[in-house]
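Letter by letter, the chains look like this.
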Amino acid sequence: MNELVNVLNKQLANWIVMHLKLHNFHWNVSGPHFFTLHAKFEEYYGTAARHIDELAERVLALGGTPVATLKEALQLASVAEAAGSETAQEMVQALIQDFSLLSEEAKAGAAAAEQQNDPVTEDLLTDLQAELEQQAWMLRAFAR
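Right, let's walk through the structure included here. (Residues numbered from 1 in each chain as written. Predicted model: local features only at pLDDT ≥ 70, side-chain atom pairs only at ≥ 80, totals over all residues. Heavy atoms only, no water.)

1. Points about the overall build of the chain
Scanning the chain from terminus to terminus reveals five helices and zero strands. Start at the N end of the chain and walk to the C end: the helices and strands fall as α-α-α-α-α. Relative to the compact-globule value of 15 Å for 144 residues, the chain shows a C-alpha radius of gyration of 15 Å, a close match. For the chain, the spread of C-alpha atoms along the principal axes amounts to about 50 × 30 × 20 Å. Within the chain, the proportion of its 144 residues that are buried is 46%. In the chain, once contacts between residues fewer than 6 apart in sequence are set aside, the share between residues at least 24 apart is 80%. Counting every atom, the chain has about 7,700 Å² of accessible surface; 52% of that belongs to carbon and sulfur. On the chain, the mean spot of the 9 positive side-chain charges and the mean spot of the 20 negative ones are 5 Å from each other. (Helix = DSSP H or I, 4+ residues; strand = E, 2+ residues; numbered from the N terminus. Rg over C-alpha atoms; globule rule 2.2 N^0.38 Å. Buried < 20%, exposed > 50% of the residue type's maximum accessible area, 1.4 Å probe, protein only. Contact = heavy atoms within 4.5 Å. Areas by Shrake-Rupley, 256 points an atom, 1.4 Å probe, with all protein chains shown as cover. Lys, Arg positive; Asp, Glu negative; His and termini not counted. Charge placed at Lys NZ, Arg CZ, Asp CG, Glu CD.)

Now the structure itself:
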């Protein structure tokens with residue numbers, strides 16, 4: 001179960017960073033797609049908050065300690081913070097890359113959970129993977 005706690009904590013760290021990144025994008029987006037992206041980024045950070053809670057609670061259910069500081073999250077996360085100077089187009093591209101990376105990590109985590117015979121963690125990560133794949137696809141369609 002220690003391996004799964006590590007997998008979940010990495011996802012948790014990523015979502016903590018994403019939560020702040022999405023707020024940054026929400027606050028700083030401008031241009032002709034402002035209204036669309038401002039609302040979409042707000043939706044995304046609401047979803048990120050839900051993922052943070054679900055992942056942390058699963059870590060606790062497995063007897064682990066969830067990542068709970070920004071310092072820990074930044075050290076463990078695969079996704080990078082926002083620079084703060086991105087254009088709207090760069091924000092969308094960054095999210096496509098981040099969602100794709102998180103999807104691949106969720107897929108690998110689901111496979112690890114299957115090997116550990118933990119269908120609850122496997123389902124959590126598989127559902128996350130499916131959601132991320134859909135969001136990346138939608139953002140790619142928007143960016144065309």
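There is more to say, and it comes next.
2. A look at the packing of helix α1 (residues 2–28) against helix α5 (residues 119–143)
The description of two packed helices rests on the angle between their axes and on the distance between the axes. Interaxial distance between α1 and α5 falls to 12 Å at its minimum, and their mutual angle equals 35°. Read as a crossing pair, α1 and α5 show a hand that is left-handed. Across from Val7, Leu8, Gln11 and Trp15 in α1, the residues of α5 making contact are Thr121, Leu124, Leu125, Leu128 and Leu132. Considering only residue class, the contact of α1 with α5 consists of seven nonpolar, two polar and no charged. (Axes fitted to C-alpha atoms, helices over the stretch in contact; angles between N-to-C directions. Left-handed = near helix turned anticlockwise from the far one by under 90°. Nonpolar A, V, L, I, M, F, W, Y, C, P; charged D, E, K, R; others polar.)

3. Quick word on the side chain of Gln135
As for its position among the elements, Gln135 is in helix α5. Filtering out sequence-adjacent residues up to four positions away, Gln135 remains in contact with Tyr44 and Phe99.

4. Topic: the packing of helix α2 (residues 34–61) against helix α4 (residues 88–115)
Following both chains from N to C, one finds α2 and α4 inclined at 30°, their axes separated by 12 Å at the closest point. The angle between α2 and α4 places the two elements in the roughly parallel class. Every pair of crossing elements has a handedness; the one defined by α2 and α4 is left-handed. On α4, the residues that touch Leu37, Phe41 and Tyr44 of α2 are Ala88, Met91, Val92, Leu95 and Phe99. Of the residues contributing to the contact of α2 with α4, the split by class is eight nonpolar, no polar and no charged. (Parallel < 35°, antiparallel > 145°, perpendicular 65-115°, else oblique.)

5. Looking at the pattern of salt bridges
Tallying each qualifying case throughout the model produces five salt bridges. For the salt bridge of Glu43 with Lys40, the shortest nitrogen-to-oxygen distance reads 3.1 Å. Linking Glu43 with Lys40, this pair stays in helix α2, spanning three residues, or about one helical turn. A relative accessible area of 40% means that Glu43 is categorised as partly exposed. Glu54 is the partner of Arg50 in a salt bridge, and the nearest nitrogen-oxygen pair spans 3.6 Å. Of this pair, Arg50 and Glu54 are both found in helix α2, four residues apart, which corresponds to roughly one turn of the helix. With a relative accessible area of 31%, Glu54 lands in the partly exposed category. (Salt bridge = Lys/Arg side-chain N within 4 Å of Asp/Glu carboxyl O.)

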